[in-house]
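Architecture and fold: a report
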Amino acid sequence: MAEEKIDLKSAFASFKDEKHIDRPVMMGVLKDVFITQITKTYGSADNFDVVINVDKGDCEIYQNLEVVEEVEDPNTEISLEELQEMGEDDFEIGETYTRKVELKEFGRRGILNIRQNLQGRIMDIEKANLYNKYAEKIGELFTGEVYQTWSKEVLILDEDGNELRLPKSEQIPGEHFKKNDTVRAIIKSVEMKNNTTPYIVLSRTSDEFLVKLFEQEVPEIYDGLITIKKVVRVPGERAKVAVESYDDRIDPIGACIGVKGSRIIGIVRELRNENIDVLQWTTNTQLLIQRALNPAKISSIDMTSEDGKIKVFMLPEEVKKGIGKGGCNIRLASLLTGREIEVWRDVPQVDGEDEEDVLLSEFDDVIDPWIIERLQAIGCDTAKSVLALSAADIAKRADLEDETVDEIMDILKAEFED
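The following paragraphs examine the structure supplied in this document. (Residues numbered from 1 in each chain as written. Predicted model: local features only at pLDDT ≥ 70, side-chain atom pairs only at ≥ 80, totals over all residues. Heavy atoms only, no water.)

**Comments concerning the nonpolar core**
Operational definition: Throughout this description, the term nonpolar core refers to a set of buried Ala, Val, Leu, Ile, Met, Phe, Trp, Tyr and Cys residues connected via side-chain atoms within 4.5 Å. Note on exposure labels: buried denotes an accessible area under 20% of the residue type's maximum, exposed denotes more than 50%, and partly exposed covers the range between, all computed with a 1.4 Å probe on protein chains only. Here a helix means four or more residues in a row that DSSP labels H or I, a strand means two or more in a row labelled E, and each is numbered from the N terminus. We call two residues contacting when some pair of their heavy atoms lies within 4.5 Å.
In this structure, Leu-210, Phe-214, Ile-228, Val-241, Leu-271 and Ile-276 are the most contacted members of the largest nonpolar core, which totals 24 residues. Broken down by secondary-structure element, the contributors of at least two residues to this core are helix H5 (207-217), strand S10 (226-234), strand S11 (238-245), helix H7 (252-257), helix H8 (264-270) and strand S12 (275-280). Setting aside anything within four residues of it in sequence, one finds Phe-214 in contact with Ile-221, Ile-228, Val-241, Cys-256, Ile-264, Ile-267, Ile-276 and Val-278.

Printed below as a string of structure tokens:
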């Protein structure tokens, strides 16, 4: 049975040298594996001692037998007569005789069970170690190499060959990866699914990913001189980062951007040219709104609405800048302040002009609510604000059919006809 012993020793060496499992755990598992097989073979392991020699890569097993006159249980007893036949003349009835159990006594199937059980336990410990390793790193920045790409996710390997996943939902829209690309992302979560290898999820769309990139590029943030108070993103399009300095001598915005944009340009490139607005944090909500809606200029802010919404009034030429492409700027400003913000057109009245106007919400009985929402999203919240624009402009900006816009214009014009 020398072959089995060599294989077992090889398994010990793998356990010790390749699996990076600490000595106490290793010895405990090895002993438990042999105790399990002893129980299967002999019915009980209560009268067995298992001695693990990690350095030599072997195991010694001893069976303790009570010396009796007549044997009733050969697994726990041995007769005095048998001992005497073996040349063991120093024992008396009631004493304990200890014999060494050879590995071959387990049989080929038993040795195979030991090997398989050992391998299974090693794998379980490896899984637990991998899970704990990455569970402790959730929220940290990770850099790895692309091993394989699929339509729904990208497989990335760490330096030890462990697999991490970057799902499509966690990728910045429009980005594509190929084998051997180096990828940076945040460790988002670690899950155990059906006792398989831990499923480690990465993210490039997380707000925390942007925070970590700033920490890397801006020493003052890493050192705690500047704090990122809040981050909001539409991945791949735009982000707003509110910062605050604890040192009056440090300009937080200038430090984050760097000389001629030297610090922020690397972050922008990493995020596929995502526009990043860095603004100074304040607890003054009105001032924070003004900074968040930059570059648009605000005429006035109304925070008295009973529904909690904030109305921001802007001149017509400022509305487009305030709302941003696809409503991105106003949406991020709302997320940053924690309040829903609506942009209203502030149209100066000309002497002699009829000041009467009607809110679009008053037409919800003849115009579908979703259409009204589209119009409000481009800054048109009253009938006259819609009529002040061309039909082609409305159709393009609100993403409406030409026929729909014509119907709306007719309804609104009828409101002001005698």
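**Remarks on the packing of aromatic side chains**
Rules: Stacked, tilted and edge-to-face pairs are distinguished by plane angle, under 30 degrees for stacked and over 60 for edge-to-face with tilted covering the rest, among Phe, Tyr and Trp rings (Trp via its six-membered ring) whose centres lie within 6.5 Å. Sitting over a ring, as applied to charges here, requires NZ of Lys or CZ of Arg to be within 6 Å of the ring centre and within 35 degrees of the ring normal.
Tallied over the full model, the rule gives four aromatic pairs. Taking the centre distance of 6.1 Å and the plane angle of 45 degrees together, the rings of Phe-313 and Trp-344 count as tilted. With a gap of 31 residues between them, Phe-313 in strand S14 (residues 310-314) and Trp-344 in strand S15 (residues 341-345) connect regions that are remote in the sequence. Each residue in the set Tyr-42, Phe-48 and Phe-106 is aromatic and connected to the rest through ring pairs, giving one cluster. Over the ring of Tyr-134 we find Lys-137; its NZ or CZ atom is 5.7 Å from the centre of that ring.

**Regarding the packing of helix H2 (residues 23-42) against helix H4 (residues 107-135)**
Selection criterion: Under this scheme, a helix contributes an axis fitted over its contacting stretch, all axes are lines through C-alpha atoms, and angles between N-to-C directions fall in the 0 to 180 degree range. In this scheme, a crossing is called left-handed if the near helix is turned counterclockwise away from the far one by less than a right angle; it is called right-handed if the turn is clockwise. Each residue is assigned to one of three groups, with Ala, Val, Leu, Ile, Met, Phe, Trp, Tyr, Cys and Pro labelled nonpolar, Asp, Glu, Lys and Arg labelled charged, and all others, Gly among them, labelled polar.
Taken N-terminus to C-terminus, the directions of H2 and H4 make an angle of 145 degrees; their axes are 10 Å apart at the nearest point. Between H2 and H4 the crossing geometry is right-handed. Across the interface between the two elements, Val-25, Val-29, Leu-30, Asp-32, Val-33, Phe-34, Thr-36 and Gln-37 of H2 pack against Gly-110, Asn-113, Ile-114, Asn-117, Leu-118, Arg-121 and Ile-125 of H4. Its residues placed into classes, the contact of H2 with H4 shows eight nonpolar, five polar and two charged.

**Comments concerning the side chain of Glu-318**
Mapping Glu-318 onto the fold places it in helix H10 (residues 316-323). Excluding its chain neighbours within four sequence positions, the residues that come into contact with Glu-318 are Pro-295, Ala-296 and Lys-297.

**So, the side chain of Arg-238**
With respect to the helices and strands, Arg-238 occurs in strand S11. If we ignore the near neighbours within four places in the chain, the residues touching Arg-238 are Val-232, Arg-233, Glu-274, Asn-275, Asp-277, Asn-294, Pro-295, Cys-328, Asn-329 and Leu-332.

**Concerning the pairing of S11**
To keep it simple, the criterion reads: We call two strands paired when DSSP finds no fewer than two bridges between them.
With seven of eight residues buried, S11 lies mostly within the body of the structure. Examined bridge by bridge, S10 and S11 share eight bridges and lie antiparallel to one another. Across the sheet, residue Val-231 finds its bridge partner in S11, namely Val-241. Between S10 and S11, which pair antiparallel in sequence order, lie three residues; one of them, Gly-236, sits at a positive phi of approximately 85 degrees. As judged from the six bridges shared by S11 and S12, these two strands associate in the parallel manner. Residue pairing for S12: Arg-238 is matched across the bridge by Asn-275.

**Notes on H4**
Put simply, the test is: Expected helix span is taken as 1.5 Å per residue step, with the number of steps being one fewer than the number of residues.
Over its 29 residues, H4 extends 42 Å from the first C-alpha to the last, a length consistent with the 42 Å expected when each residue adds 1.5 Å. All of the buried residues in H4 are Gly-110, Ile-111, Ile-114, Arg-115, Leu-118, Ile-122, Ile-125, Lys-127, Leu-130 and Tyr-134.

**Brief notes about a negative patch on the surface**
As a reminder of what qualifies: Only residues whose relative accessible area exceeds 30% and that form no salt bridge enter a patch; like-charged residues are grouped when within 9 Å of one another, and nonpolar side chains (Val, Leu, Ile, Met, Phe, Trp, Tyr) when within 5 Å. Reported accessibility uses the Shrake-Rupley method at a 1.4 Å probe radius. Residues are deemed covered only where the shown protein chains occlude them. Note on definitions: salt bridges are taken to be side-chain nitrogens of Lys or Arg within 4 Å of carboxyl oxygens of Asp or Glu. We score Asp and Glu as negative and Lys and Arg as positive, and we do not count His or the chain ends. Think of each charge as sitting on NZ of Lys, CZ of Arg, CG of Asp or CD of Glu.
There is a patch of like negative charges on the surface, built from Asp-399, Glu-401, Asp-402, Glu-403, Asp-406, Glu-407, Asp-410 and Glu-417. As for its position among the elements, Asp-406 is in helix H15 (residues 402-415). The class for Asp-406 is partly exposed, based on a relative accessible area of 41%.

**Looking at the sheet that holds S10**
Read from one edge of the open sheet, three strands run S10-S11-S12, paired in mixed fashion. In this open sheet, the two strands that pair with only one neighbour each are S10 and S12. Taken pair by pair, the neighbouring strands of this sheet meet at an average axis angle of 20 degrees, ignoring direction. Strand contacts of helix H9 (residues 285-292): S11 and S12, with the helix running at about 150 degrees to S12, the strand carrying the most contacts. Relative to the sheet, helix H11 (residues 328-337) contacts S10, S11 and S12, its axis offset from that of S10 by approximately 135 degrees.

**Focus on the environment of Lys-178**
Take Lys-178: it is sitting in the loop between strand S7 (163-167) and strand S8 (182-191). Its relative accessible area of 55% is what places Lys-178 among the exposed residues. When the C-alpha atoms of Lys-178 and Leu-387 are compared, they prove to be 50 Å apart, with 209 residues separating the residues in sequence. When near neighbours in sequence (up to four residues on either side) are disregarded, Lys-178 contacts Val-146 and Thr-149.

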